[in-house]
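# Residue-level structure breakdown
Here's the letter readout for the chains.
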Amino acid sequence: MSIVYDQQHKLLTLTTANTGYQMQIDELGFLRHLHYGSKTGSQNLAYQILEHDYAFSGNPVEFRKERTHSLDIIPQEFTSFGVGDFRVNSVAVVNPDGSRAARFQYVSHEILDGKYTIPGLPAAYDNGNEAQTLVVTLKDDVTGLMVRLYYGVFEKLDVITRYAEFVNAGEETITLDKASSVCLDLPLGNWDLMHFWGKHALERQPERSPIGHCVTTVGSTRGTSSHQHNPFIIICDHDATEDYGDSYGLMLAYSGGFKAELENNQINCVRAVMGIDDTYFSWKLGPGQSFHTPEVILSYADGLTALSHNYHRFIRHNICRGKHHLEKRPVLINNWEATYFQLDEEKMFALAKEAAALGIDQFVLDDGWFGERYDDNAGLGDWFVNYKKLPNGLDSLINKINGLGMKFGIWVEPEMVNEDSELYRSHPDWALSEPGRTPTFGRNQLVLDMSNKEVVDYLYDCLSTLLKEHNIAYIKWDFNRSICNVYSHVLPADRQGEVSHRFVLGLYGLLERLISEFPDVLFEGCSGGGGRFDAGMLYYTPQIWLSDDTDAIERLIIQGGTSYGYPVSSMGAHVSASPNHQTGRRTPMYTRGVVAMSGAFGYELDLTRLLKRDKEEIREQVQQYHQDEILIHRGLYYRLTDVAKGYYTAWQFVSEDKSQSLVNLVVTSPQPTPDPLHIRFKGLDPDTLYRIKEDKQNITGAALMKAGYTFTPMMGDYPAAQLHLSAVSCK
Ligand code: DGJ
């Protein structure tokens, strides 16, 4: 049993393979958090909390004389509101009488087999006897507002998921102004925060700093998870490294605005709260109604590598779904950086023909095939073919491409509309915009109101017709601006605070309908590259275009930063032209291949204009990727160097049985008298002798991991190397 209740001490203990989590119902019914971290068995950990009289911290009436009980000090599973906990709170409410308070006390709990689901929202799933669920119900006796805390315990996977459901069991409407998914009070320690910031075309740059005596907020007010911040944070011991040290991950499976708050309080205790961004949020909860928060995926491990492995495994097996998520992915050619909007049937077919000759599996027709779309000023919303560009229709191109033995994929951006479109001319009120205000544009487009069922149904009709009428194997689903003017023309004034979240529910509902109706289609997420790269989208789209920056050297940090939380199989990565279109940098074809192969691989350049030797190299890369894909996508991923420091970057894949490994190295800044390119490999079996294909040496795992390996010095612009290791014998 991974969830045990000790009735005598009112303790609830959750256990996974390597971690323990404990909570206790205290004498007043508050749910205390006692532990999350390494396993501690069934030991009652309540002794850790020493209660004192902490002045200015407030005491519940039952303890007003002793002054030893204060919600401001006690670690809790979920906070009450306005009753004496002055730290960052999990919740904010406005009661029917205008008062702002909620005192949540224990009512009951249930332990269930299997994993809970969340209505309308992504939630990790159980593949069969993998998980148990704990539900703890707390209630505010004055208003009747209840909060049900859900815990999904994935024993073997070292993951605990959490979410909160608010239920109005009172008789009048209550307003939620903040509804977080999780509150986690950490053990005493010296904690660093790692988060992943960025911008368009430079996403998920890792940054690590101590958690100070202030509230640190990482989040997005952009209506999407965003390029600027990712809904994944790591809290780790100040001395933690890749290989050891307490490391916690908090990952929100949500694609809208989010907020993670961290506070080191007056007695050096750190609290983390994470959930939907509350900047524009306000939700009216009528009697009998429920509000479900998105799920947070928690994991604890000794060292950052082990933490990443927990997330990689979990996202691949328990978040991503559908027939493609664990399968080999097609190597694709996308026409975007080859032609941008200047596409026509002849050019597209010429590109596909070159690609087919090089062994590429799938052609993707990007932006510009529909409506009056000649640049980014018009056409979004009109999801019917542009006959001026494709006079014989889509099927003519698709048939020709299929005739080459290739599959066909297509780009859409369903949640957007241009003012210059038939859709906008017929339904201007379908775009988000405040009455009397000219809306703010982004890429000259407006955002459709996904909280409006009519809009979602219209998009469903357009997309399902497209998929039914044509032989389409893949959809690239883009989203190219941040959301503002958050106002829906179908919701009343007092419900406008619900629009952002209802938008996300509308998006998820649409995706769910499409993936259920078209299970053979591979959906790829995208938002101007990686602006919506999160576990919420990965529930519907097992891969996401990682970044609009295709420069191989910049990708080392973008892919490396993303790897802390997400598996390489989720990262769309393409070889593009040199000089690169975003940075102007020239890199060798070999290096571009080495970097892009650590992802869901493809090409995005004009193959018709390449030299013969480049084409030959591409043919070899495609063949090699097909051979290595299983090792890359299913193997364990190791960062061998700091992704943002040093003059070279190296990373490694090791098969779960340790019999195969692939080591990758890219020199990012060649040196005249170079320090040795010396690296200790990881994850191998010490007693196994490995054959290194490229230099034909046989070396033991112990030697490669403890003594290391020295690469031959490399000169020139951004050289790279790969080593394939295979076990030849074990002791
Ligand atoms: C942004 C995407 O990230 C690109 O790959 C491309 O699809 C463009 N949008 C098209 O507008």
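All of these numbers come straight from a predicted model, not from anything done at the bench.

### What to know about the nonpolar core
- By size, the foremost hydrophobic cluster in this structure holds 193 residues, and its most contacted members are Phe 166, Leu 365 and Trp 369.
- The biggest single contributor to this core is helix 7 (residues 499-517), with nine residues.
- Ignoring sequence-local partners within four residues, the contact set of Trp 369 consists of Leu 343, Trp 383, Phe 384, Val 385, Asn 386, Leu 390, Leu 394, Ile 410, Trp 411, Val 412 and Leu 466.
- Among the nonpolar cores identified, the runner-up in size contains 25 residues, and Phe 681, Phe 711, Met 714 and Ala 721 belong to it.

### A few points about the site of the ligand
- By nearness alone, 13 residues border the ligand, and Asp 366, Asp 367, Lys 476, Asp 478 and Asp 548 come closest of all.
- Residue Lys 476 places a side-chain N or O atom 2.8 Å away from an oxygen atom belonging to the ligand.
- In this structure, Asp 478 approaches the ligand through a side-chain N or O atom, which is 2.7 Å from a nitrogen atom.
- Within the complex, 98% of the 300 Å² of free accessible area of the ligand lies under protein.
- Considering only residue class, the shell around the ligand consists of four nonpolar, three polar and six charged.

### Quick word on the domain arrangement of the protein chain
- Per the domain assignment, the segments making up the protein chain are domain 1 (3-319), domain 2 (332-416 + 447-480 + 507-634) and domain 3 (648-730).
- For domain 2 and domain 3, the distance between their C-alpha centroids amounts to 32 Å.
- If you look at the interface, domain 2 gives 18 residues, while domain 3 gives 19 residues.
- In this assembly, domain 2 packs against domain 3 so that about 1,400 Å² is buried in total across both faces, 67% of it on carbon and sulfur atoms.

### Quick notes on the pairing of strand 7 (residues 131-139)
- By the criterion of burial, strand 7 is predominantly enclosed, with eight of the nine residues buried.
- Across eight bridges, strand 6 (residues 105-113) lies against strand 7 in antiparallel orientation. Looking at the pairing, Leu 112 lines up with Thr 133 of strand 7.
- Taken together, the nine bridges between strand 7 and strand 8 (residues 145-154) define a ladder with antiparallel strand orientation. The partner of Val 135 across the bridge, within strand 8, is Tyr 150.
- Hairpin geometry of strand 7 and strand 8 is characterised by an intervening segment of five residues between the two adjacent antiparallel strands and by a positive phi of about 90° at Gly 144.

### Things to note about unusual backbone geometry
- A cis amide bond links Ser 578 with the next residue in sequence, Pro 579, at an omega value of 0°.
- Here Pro 579 lies in the loop between strand 29 (571-576) and helix 10 (589-596).
- Its identity is not glycine, yet Lys 10 carries a phi of approximately 55°, on the positive side.
- Residue classification places Lys 10 among the partly exposed positions, given a relative accessible area of 40%.
- Unusually for a residue other than glycine, Asp 158 sits at a positive phi of about 55°.
- With respect to the helices and strands, Asp 158 occurs in the loop between strand 8 and strand 9 (159-168).

### Quick word on the packing of aromatic side chains
- In total, this model carries 37 aromatic pairs according to the counting rule given.
- Ring geometry for Trp 283 versus Phe 291: centroids 4.8 Å apart, planes at 55°, classification tilted. Residues Trp 283 and Phe 291 agree in their burial class; the two are buried.
- For the pair Phe 363 and Phe 408, a centre-to-centre distance of 6.3 Å together with 25° between the ring planes defines the contact as stacked.

### A short note on the side chain of His 633
- Considering the arrangement of structural elements, one finds His 633 in helix 11 (residues 612-634).
- Taking the relative accessible area as the measure of exposure, His 633 reaches 6% and is therefore buried.
- There is a polar contact of 3.0 Å between the side chain of His 633 and the side chain of Tyr 625.
- With sequence-adjacent residues up to four places away left out, His 633 is seen in contact with Arg 316, Arg 329, Val 568, Ser 569, Gly 599, Ala 600 and Tyr 625.

### Describing the packing of helix 6 (residues 453-469) against helix 7
- At a closest axis distance of 10 Å, the pairing of helix 6 and helix 7 adopts a crossing angle of 25°. By the angle between their axes, helix 6 is roughly parallel relative to helix 7. Here the hand of the crossing between helix 6 and helix 7 comes out right-handed. From helix 6, Val 456, Asp 457, Leu 459, Tyr 460, Leu 463, Ser 464 and Lys 468 reach across to helix 7, where they touch Gly 506, Leu 510, Arg 513, Leu 514 and Glu 517.
- Across the contact of helix 6 with helix 7, the residue classes tally to six nonpolar, two polar and four charged.

### With respect to the sheet that holds strand 3 (residues 19-25)
- What the four strands build is an open sheet, ordered 1-2-3-4; its pairing is antiparallel. Single-partner strands in this sheet number two, and they are strand 1 (3-6) and strand 4 (31-38). Direction aside, the axes of adjacent strands within the sheet are offset by 15° on average.
- Pairing between strand 3 and strand 4: seven bridges, direction antiparallel. Opposite Ile 25, over in strand 4, you have Leu 31 as the bridge partner.

### Some points on the environment of Asp 158
- Looking at Asp 158, the relative accessible area reads 7%, which means it is buried.
- Taking the C-alpha atoms as reference, Asp 158 lies 37 Å from Val 412; in sequence the two are 254 residues apart.
- In this structure, Asp 158 is in contact with Thr 16, Ala 17, Asn 18, Thr 19, Leu 298, Ser 299, Tyr 300 and Asn 310, ignoring residues within four places of it in sequence.
- Among the polar contacts made by the side chain of Asp 158, one reaches the side chain of Thr 16 at a distance of 2.6 Å.
- Here the side chain of Asp 158 touches Ala 17 through a polar contact of 3.3 Å, landing on its backbone nitrogen.

Cut-offs used in this document
Residues numbered from 1 in each chain as written. Predicted model: local features only at pLDDT ≥ 70, side-chain atom pairs only at ≥ 80, totals over all residues. Heavy atoms only, no water. Core = buried A, V, L, I, M, F, W, Y, C linked by side-chain atoms within 4.5 Å. Buried < 20%, exposed > 50% of the residue type's maximum accessible area, 1.4 Å probe, protein only. Helix = DSSP H or I, 4+ residues; strand = E, 2+ residues; numbered from the N terminus. Contact = heavy atoms within 4.5 Å. Near = heavy atom within 4 Å. Polar contact = N/O pair within 3.5 Å; in protein donor to acceptor, adjacent residues only side chain to side chain. Areas by Shrake-Rupley, 256 points an atom, 1.4 Å probe, with all protein chains shown as cover. Nonpolar A, V, L, I, M, F, W, Y, C, P; charged D, E, K, R; others polar. Domains from an automatic or database assignment. Buried area = accessible area lost by both parts, 1.4 Å probe. Pairing = 2+ DSSP bridges. Phe/Tyr/Trp six-rings, centres within 6.5 Å; stacked < 30°, edge-to-face > 60°. Axes fitted to C-alpha atoms, helices over the stretch in contact; angles between N-to-C directions. Parallel < 35°, antiparallel > 145°, perpendicular 65-115°, else oblique. Left-handed = near helix turned anticlockwise from the far one by under 90°.

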